[in-house]
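A structural walkthrough
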Amino acid sequence: MIVFATSDKGGTGRSVTSCNMGFRLSASGNSVAYLDFDFGSPTTGALFEISGLERGIPPTKDRASGTEQGQGLHSYLLGRIDTPARVNVRDSTDRAELRKIGGRGGQLVLFPGDQGGGEFAYGKDPSIVDRCAGLLLSIDREFDVCLVDLSAGRSAAMEIVLKATATEALRGRTVRWLVFHRWTRQHIFAAHGLVHGANGLLDCGERAGHEPKTLLMNTRFIRTAVPDLARMYPDSSGAQTSWLERQDRILNKLAGDLKIGASSVLGSVLVEPVLQMREQLILDVDVDNEIANRATIEAIEKLSAQLLDERSWRPLNNPRWRPHN
Ligand SMILES: Nc1ncnc2c1ncn2[C@@H]1O[C@H](COP(=O)(O)OP(=O)(O)O)[C@@H](O)[C@H]1O
Ligand SMILES: [Mg+2]
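Residues numbered from 1 in each chain as written. Chains lettered and ligands numbered in written order. Predicted model: local features only at pLDDT ≥ 70, side-chain atom pairs only at ≥ 80, totals over all residues. Heavy atoms only, no water.

Attention shifts here to the state of the cysteines. Per the stated rule, a full pass over the model turns up zero disulfides. This cysteine, Cys-132, is not joined by any disulfide, and Cys-146 carries the nearest cysteine sulfur, 9.2 Å off. By relative accessible area, Cys-132 is classed as buried at 0%. (Disulfide = S-S within 2.5 Å. Buried < 20%, exposed > 50% of the residue type's maximum accessible area, 1.4 Å probe, protein only.)

Written as structure tokens, this is what we have:
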């Protein structure tokens, strides 16, 4: 299964939530590939706490010529190398507790972007699309789940993968789209626009050769850092609490009106104090040490299970087939 993680804005929780999902999926026995297609900011190495990869994979120096050659996804897509670097997360991470999980579970492999790679001008170079399609196909064959973290917004990354997944080679594969957004007015408008707006996923996808209906069927929203009102404001009688509850209802109505309501949501993650301070994997040890909330792990495990569950992906307009959240 190929899964694209996208968002209209930066700072939505797309990467942190996706990395945590990748980890949970691998911990439950799936082999997972994580591709850093956030070309402008290839920082997944930091999330997995891999020293030296915090800003993407550094280039290697050719001894003979003295020239530097990038090793990551940028260099691969641009045709400068034949295969992109891959890093086994459990072998390379600095987090001792994550290393320990080593023997159990499926493998978790990061395909990092190039350090200093940047967003590239994609232009109309069809060879980038072909290389992307080739890579996705081979990774999809090798791994149970291929998670691709895309650059925010209507990016070159989104256009490339839409074209790649429309090619003959990838047409029969299972491809899902996850759209991450925060629980605010602005983020709800933005997430709606990214899917349904001009040059959004459906629009751009149709131009690339996809059937918009099929794309929509394979798209679900994930709400991140949702305030847990009951926990944060246990005294429900105050003016502040009633204002917040009212806003929550208004947001629910807005999301429903904009076609990103409950039936199109894969799941939500509540505000997690650890993630407010630090981008990282939430491990069981963090909960055992009473640093992270148990609810965060439960939410991510539920999201991961929903992702793999066929029932989450049945058509939205049939009331008997509502995805269960
Ligand atoms: N559930 C959450 N609770 C609190 N903070 C979160 C949560 N999810 C993500 N964050 C934080 O939000 C910020 C943006 O997340 P990130 O994954 O980098 O967003 P994106 O990839 O969309 O740019 C990070 O500091 C991250 O730790
Ligand atoms: Mg990110």
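Next, the rest of the story.
Let's shift gears to the sheet that holds strand S6 (residues 108–111). On the basis of which strands lie adjacent, the open sheet formed by eight strands has the order S5-S6-S2-S7-S1-S8-S9-S10 and mixed pairing. Pairing within the sheet leaves two strands with one partner each, and these edge strands are strand S5 (87–88) and strand S10 (265–270). Bridge count for S5 against S6 is two bridges, and the pairing is antiparallel. If you follow Val-87 over to S6, its bridge partner there is Leu-110. Sitting on the sheet, helix H8 (residues 185–196) is in contact with strand S1 (2–6), strand S8 (175–182) and strand S9 (219–226), with an inclination near 155 degrees to S8. (Pairing = 2+ DSSP bridges. Helix = DSSP H or I, 4+ residues; strand = E, 2+ residues; numbered from the N terminus. Contact = heavy atoms within 4.5 Å. Axes fitted to C-alpha atoms, helices over the stretch in contact; angles between N-to-C directions.)

With that settled, consider the pattern of salt bridges. As a working rule, side chains carrying opposite charge can pair if their charged atoms are close by. In this structure the tally under the stated criterion is 16 salt bridges. The residue Glu-301 makes a salt bridge to Arg-24 at a minimum N-O spacing of 3.6 Å. On the criterion of sequence distance, the pair formed by Glu-301 in helix H15 (residues 294–308) and Arg-24 in helix H1 (residues 14–27) is long-range, its members being 277 residues apart. The exposure class of Glu-301 is partly exposed, given its relative accessible area of 39%. When the shortest N-O distance is used, the salt bridge between Glu-142 and Arg-86 registers 2.9 Å. Taken together, the residues Glu-142 in helix H6 (residues 126–142) and Arg-86 in the loop between helix H3 (73–77) and S5 connect sequence positions 56 residues apart. Taken together, the shared-partner salt bridges connect Arg-14, Asp-38 and Asp-149 into one network. (Salt bridge = Lys/Arg side-chain N within 4 Å of Asp/Glu carboxyl O.)

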